[in-house]
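Each chain, written out:
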Amino acid sequence: MQIRELNIQGAWEFTPTQHGDERGVFFEQYRFEALEETAGHALDLRQTNTSVSAKGVVRGIHYALLPPSQAKYVSAPKGAFIDFVVDIRVGSPTFGQWDSVVIDDVDRRAVYLSEGLGHAIVALTDGATVNYLVSSVFDPQREKGLSVSDPEIGLVFPPDLGTPLLSPKDVAAPTLAEAAAAGLLPSYDACVAYAESLRTVSTPIEGR
């Protein structure tokens, strides 16, 4: 498995090694020790989610209030997406910036984003399916969103997708500046401190 840190601290791309023959393909989508060694702590898996989207559907920018927020390990078993990781941590050196990865059923990459980061996906194919391994269960009182069309963030979508298809909730989401003014964004220092607290309780990897 190849691991690459994204331009946003606390986010990584995981590319599995695929073993194929005339029967098909086998690969390891997720290895707990690979993630633990990379992030500094294990993923405390509490829920798995799946979304299926038509081409042009945009989901996000989503995040959850800290603590506990919600770390995500995201992969696409079918179809293709652009996965956006957005730094919404006030005080971060890359606050307001983003990075992206194409996740699909060809290279079968996955993206891990730590607690406190924003996340959005854009479906590039019809019937595109995303799986999420997440560190906390869904809590509607703590789930928040930001506008994907906020010019301050400046997400770039493929021009051939046409008008993005958004849920009413995502259409009504505030801008980064509006959320910051309302005190709805996590601080960088709080996210760093929370990550440190997870390292202290992480289960040691056998043999280390």
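Counting restarts for each chain: residues are numbered from 1 in the order of the written sequence. Only residues with pLDDT of at least 70 are given local features in this predicted model, and only at 80 or more are side-chain atom pairs given and counted; all residues enter the totals for whole chains, interfaces and linings. With hydrogens and water excluded, all non-hydrogen atoms of the structure serve as input to the side-chain values.

## Here's the deal with the sheet that holds strand β9 (residues 98-104)
- Ordered by their spatial adjacency, five strands build an open sheet running β9-β8-β11-β6-β13, and the pairing between neighbours is antiparallel. Looking at the sheet topology across the chains shown, the edges are occupied by β9 and β13 (143-145). Ignoring strand direction, the axes of neighbouring strands in this sheet form an average angle of 25°.
- Pairing analysis gives four bridges linking strand β6 (residues 58-64) to strand β11 (residues 118-123), with the strands arranged antiparallel. Bridge assignment links Arg 59 to a residue of β11, and that residue is Ile 121. Should DSSP find at least two bridges between two strands, the strands are regarded as paired. We count a stretch as a helix when DSSP gives it H or I for four or more residues in a row; a strand needs E for two or more, and each element gets its number in order from the N terminus. Axis geometry follows a simple rule: fit a line to the C-alpha atoms, using only the stretch in contact for helices, then measure angles between N-to-C directions, giving values from 0 to 180 degrees.

## Observations regarding the packing of aromatic side chains
- Working definition: a ring pair exists when centres of Phe, Tyr or Trp rings (six-membered ring for Trp) sit within 6.5 Å. Plane angles under 30 degrees give stacked, over 60 give edge-to-face, the rest tilted. Applying the stated rule across the entire model yields five aromatic pairs.
- Taking 5.5 Å as the distance between ring centres and 55° as the angle between the ring planes, the aromatic pair formed by Phe 14 and Tyr 73 counts as tilted. Placement of the pair is Phe 14 in strand β2 (residues 11-15) and Tyr 73 in strand β7 (residues 72-78), with a sequence separation of 59 residues. Comparing Phe 14 with Tyr 73 shows no difference in burial state: the two are buried.
- Joined through ring pairs, the aromatic side chains of Phe 14, Tyr 30 and Tyr 73 make up one cluster. Only protein chains enter the calculation, and the probe is 1.4 Å; a residue is then buried if its accessible area is under 20% of its type maximum, exposed if over 50%, and partly exposed in between.

## Describing the pattern of salt bridges
- For this document, the term salt bridge refers to a Lys or Arg side-chain nitrogen within 4 Å of an Asp or Glu carboxyl oxygen. Taken as a whole, this structure holds nine salt bridges when the rule is applied.
- Here Glu 33 makes a salt bridge to Arg 31, at a shortest N to O gap of 2.2 Å.
- For Arg 31, a relative accessible area of 34% gives the class partly exposed.
- One network of salt bridges, in which partners are shared, links Arg 4, Glu 13, Asp 107 and Arg 109.

## What to know about the environment of Arg 59
- Checked against the element boundaries, Arg 59 lands in strand β6.
- Residue Arg 59 is classed as partly exposed on the basis of its relative accessible area of 30%.
- Sequence separation of Arg 59 and Ile 121 is 62 residues, and the distance between their C-alpha atoms is 5.3 Å.
- With residues near it in sequence (within four places) discarded, Arg 59 still touches Ser 51, Val 52, Ser 53, His 119, Ala 120, Ile 121 and Asp 170.
- Polar contact is the term for a pair of N or O atoms within 3.5 Å; when the atoms are in protein, one must be able to donate a hydrogen and the other to accept it, and sequence-neighboring residues count only if both atoms are side-chain atoms. Looking at Arg 59, its side chain comes within polar contact range of the main-chain oxygen of Val 52, at 3.2 Å. It only takes one pair of heavy atoms within 4.5 Å for two residues to be counted as in contact.

## Side note on helix α1 (residues 32-39)
- The complete set of buried residues in α1 reads Glu 33, Ala 34, Leu 35, Glu 36 and Ala 39.
- The first or second residue beyond α1 is Gly 40, which carries a positive phi of 90°.

## Some points on the nonpolar core
- Here, nonpolar core means buried Ala, Val, Leu, Ile, Met, Phe, Trp, Tyr and Cys residues that are tied together by side-chain atoms lying within 4.5 Å of each other. Counting 18 residues, the largest nonpolar core has Phe 81, Val 85, Ile 103, Val 111 and Val 130 as the members making the most contacts within it.
- Of all the secondary-structure elements, those providing two or more residues to this core are β7, β8 (80-86), β9, β10 (110-113), β11 and β12 (128-134).
- Top element by residues in this core is β12. It accounts for four residues.
- Contact partners of Ile 103, with chain neighbours within four places excluded, come to Val 74, Ser 75, Ala 76, Gly 79, Ala 80, Phe 81, Asp 83, Arg 109, Val 111 and Val 130.

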